[in-house]
There are 2 protein chains.
Amino acid sequence: MRTAYHEQLDTLNLILGEMCELAGTAMARATQALLQADLAIAEEVISGTDKMTELSARAEEQAFALLALQAPVAGDLRGIVSAMQIVGDVDRMGALALHVAKVARRRHPAKALPEEVNGYFAEMGRLAVQMSENARDVIRSQNPDEAVRLQDDDDAMDDLHRHLFTVLMDRDWSHGVAAAVDVTLLGRYYERFADHAVLIGRRVLFQATGKTPEQFLEVS
Amino acid sequence: MRTAYHEQLDTLNLILGEMCELAGTAMARATQALLQADLAIAEEVISGTDKMTELSARAEEQAFALLALQAPVAGDLRGIVSAMQIVGDVDRMGALALHVAKVARRRHPAKALPEEVNGYFAEMGRLAVQMSENARDVIRSQNPDEAVRLQDDDDAMDDLHRHLFTVLMDRDWSHGVAAAVDVTLLGRYYERFADHAVLIGRRVLFQATGKTPEQFLEVS
């Protein structure tokens with residue numbers, strides 16, 4: 001029975017990994033739509049959300065089935081509860097990619113971003129995609145060290161986000177308030193996307209070791 | 001044994017209700033700090049987050065205990081999983097109140113808000129507090145109709161948020177980019193706070209009926 005349990009948990013984690021990949025692809029495409037004011041790609045991201053909804057429902061069903069049929073205890077239980085929380089995180093990552101795509105669509109045919117912040121968003125997009133890939137890998141490997149390392153990428157994201165604000169607040173900002181509002185919200189979307197990837201790392205760590213990152217780093 | 005289960009679930013829901021109340025109080029105080037540039041109140045909100053962390057840990061322990069000890073099935077299981085998701089929502093509501101308090105502290109002794117948007121934030125604050133109270137009541141009553149009604153308050157919040165943006169985007173906005181960035185982020189914090197209250201309504205509805213709001217409204 002333990003084997004059946006672990007097989008089913010593997011299936012669940014496969015779905016979660018696929019969801020991370022989907023969120024990463026959506027964010028990559030949304031960033032492209034944003035930087036190039038590409039309406040077709042923005043629309044593609046927006047209409048692609050059904051797939052995430054479907055995977056998310058499948059993951060929750062699988063988790064419920066595991067809980068109900070296997071009556072797991074202790075560590076097993078922890079694993080399933082974490083998995084359910086991960087579903088929530090990846091769903092949110094998908095929603096944030098969708099928000100980015102919608103800004104690109106709303107401003108089309110104009111570019112939402114002033115030229116001078118393009119570099120920031122290209123880099124934030126790259127980091128976001130990398131973090132969703134790392135989250136996927138961590139879900140698959142259940143490797144505690146990799147799980148903790150997601151925090152480092154997030155530090156890079158926070159640095160970018162802070163720099164972006166210094167550009168916005170600079171008295172030389174010449175793009176007006178509307179562009180500033182867009183840039184503020186977009187920056188927040190990327191930052192929150194990264195936060196959820198970090199949360200996935202925390203949850204996998206807890207799944208695998210029962211520890212928070214703080215407890216884990218103290219011991220190791 | 002079913003009675004013991006329901007007693008324990010009641011205890012869990014009591015903690016969740018208390019968490020909602022705490023988030024509401026934090027948002028009320030944070031709004032006050034924001035509108036009056038009151039540093040002492042902002043600090044009070046910021047240092048008050050320990051209490052939420054503590055309640056949140058107690059709620060998760062209680063939920064784990066229910067899952068592990070009672071080996072619940074079907075409807076019971078749904079109730080506990082929803083409760084765990086509610087913990088995540090209320091935690092986030094507390095974090096958003098904290099964000100508001102931090103903006104107030106960062107701008108002190110100046111006011112973060114230009115006079116002309118004060119009214120919007122007073123009203124968004126009032127709505128946010130009301131929604132957290134309604135979420136608390138819904139958790140306690142498990143009343144499906146009340147749970148669905150949380151959506152209406154959110155529509156009011158969305159309207160306010162939209163109007164706020166028209167003020168920001170108006171060519172007469174004379175408060176510069178820095179104030180616009182603050183107002184944009186603050187508006188987003190209140191809007192997300194309300195979103196989580198709506199999610200709590202959805203989760204309670206699912207706890208109580210196994211239905212989404214869409215399914216529930218179709219039938220009733």
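Reading the values: the criteria
- Residues numbered from 1 in each chain as written.
- Chains lettered and ligands numbered in written order.
- Predicted model: local features only at pLDDT ≥ 70, side-chain atom pairs only at ≥ 80, totals over all residues.
- Heavy atoms only, no water.
- UniProt positions renumbered as here; feature names shortened; annotations may be inferred.
- Helix = DSSP H or I, 4+ residues; strand = E, 2+ residues; numbered from the N terminus.
- Core = buried A, V, L, I, M, F, W, Y, C linked by side-chain atoms within 4.5 Å.
- Buried < 20%, exposed > 50% of the residue type's maximum accessible area, 1.4 Å probe, protein only.
- Contact = heavy atoms within 4.5 Å.
- Salt bridge = Lys/Arg side-chain N within 4 Å of Asp/Glu carboxyl O.
- Polar contact = N/O pair within 3.5 Å; in protein donor to acceptor, adjacent residues only side chain to side chain.
- Nonpolar A, V, L, I, M, F, W, Y, C, P; charged D, E, K, R; others polar.
- Axes fitted to C-alpha atoms, helices over the stretch in contact; angles between N-to-C directions.
- Parallel < 35°, antiparallel > 145°, perpendicular 65-115°, else oblique.
- Phe/Tyr/Trp six-rings, centres within 6.5 Å; stacked < 30°, edge-to-face > 60°.

As recorded in an unreviewed UniProt entry, chain A goes by the name Phosphate-specific transport system accessory protein PhoU, listed as coming from Gordonia rhizosphera NBRC 16068. The annotation that UniProt attaches to chain A under Subunit (unreviewed entry) is "Homodimer." What the UniProt record of chain A gives under Sequence similarities (unreviewed entry) is the line "Belongs to the PhoU family."

Asks: Tell me about unusual backbone geometry, residues and numbers included.
Replies: Residues and elements named next belong to chain A. The amide bond that connects histidine 108 to the next residue, proline 109, takes the cis arrangement and shows omega of 5°. With respect to the secondary-structure elements, proline 109 resides in the loop between α4 (74-107) and α5 (118-141). A positive phi angle is found at glutamine 142, which is not glycine, with a value near 55°. By secondary structure assignment, the location of glutamine 142 is in the loop between α5 and α6 (144-169).

Asks: An account of the nonpolar core is requested, with residue identities and associated values reported.
Replies: Formed by 155 residues in total, the largest nonpolar core has its most connected members in A:Phe121 and B:Phe121. If sequence neighbours within four positions are ignored, B:Phe121 has contacts with B:Thr31, B:Leu34, B:Leu35, B:Leu113, B:Leu164, B:Val183, B:Leu186, B:Gly187 and B:Tyr190.

Asks: Just give me the short version of the interface of chain B and chain A, but keep the residues and values in it.
Replies: Counting residues at the interface gives 26 residues for chain B, matched by 26 residues for chain A. There are zero salt bridges connecting chain B and chain A. Taken together, chain B and chain A are joined by zero residue pairs in polar contact (both at pLDDT 80 or more). Elements represented by at least two residues in the side of chain B that touches chain A include exactly α3 (49-70), α4 (74-107), α6 (144-169) and α7 (176-209) of chain B. Split into classes, the residues belonging to the side of chain B that touches chain A amount to 16 nonpolar, four polar and six charged.

Asks: Describe the UniProt feature "domain: PhoU" (unreviewed entry) in chain A, listing the residues and the values that go with them.
Replies: The positions UniProt marks with the feature "domain: PhoU" (unreviewed entry) are residues 17-103 and 122-204 of chain A. Secondary structure over residues 122-204 of chain A splits into 90% helix and 0% strand, and the C-alpha atoms at its two ends are 28 Å apart.

Asks: Break down the packing of helix α7 (residues 176-209) of chain A against α6(B) for me, with residues and values.
Replies: Following both chains from N to C, one finds α7(A) and α6(B) inclined at 135°, their axes separated by 9 Å at the closest point. Put simply, α7(A) runs oblique to α6(B). Counted together, A:Val177, A:Ala178, A:Val181 and A:Leu185 of α7(A) and B:Phe165, B:Leu168 and B:Met169 of α6(B) form the full contact between these two elements. Of the residues that constitute the contact of α7(A) with α6(B), the class distribution is seven nonpolar, no polar and no charged.

Asks: Describe the packing of aromatic side chains, listing the residues and the values that go with them.
Replies: Residue and element names in this part refer to chain A. Taken as a whole and judged by the stated rule, the model has two aromatic pairs over all chains. Taking the centre distance of 5.6 Å and the plane angle of 65° together, the rings of phenylalanine 121 and tyrosine 190 count as edge-to-face. Here tyrosine 190 lies in helix α7 and phenylalanine 121 lies in helix α5, a separation of 69 residues in the sequence. Exposure class is identical for phenylalanine 121 and tyrosine 190. Each is buried.

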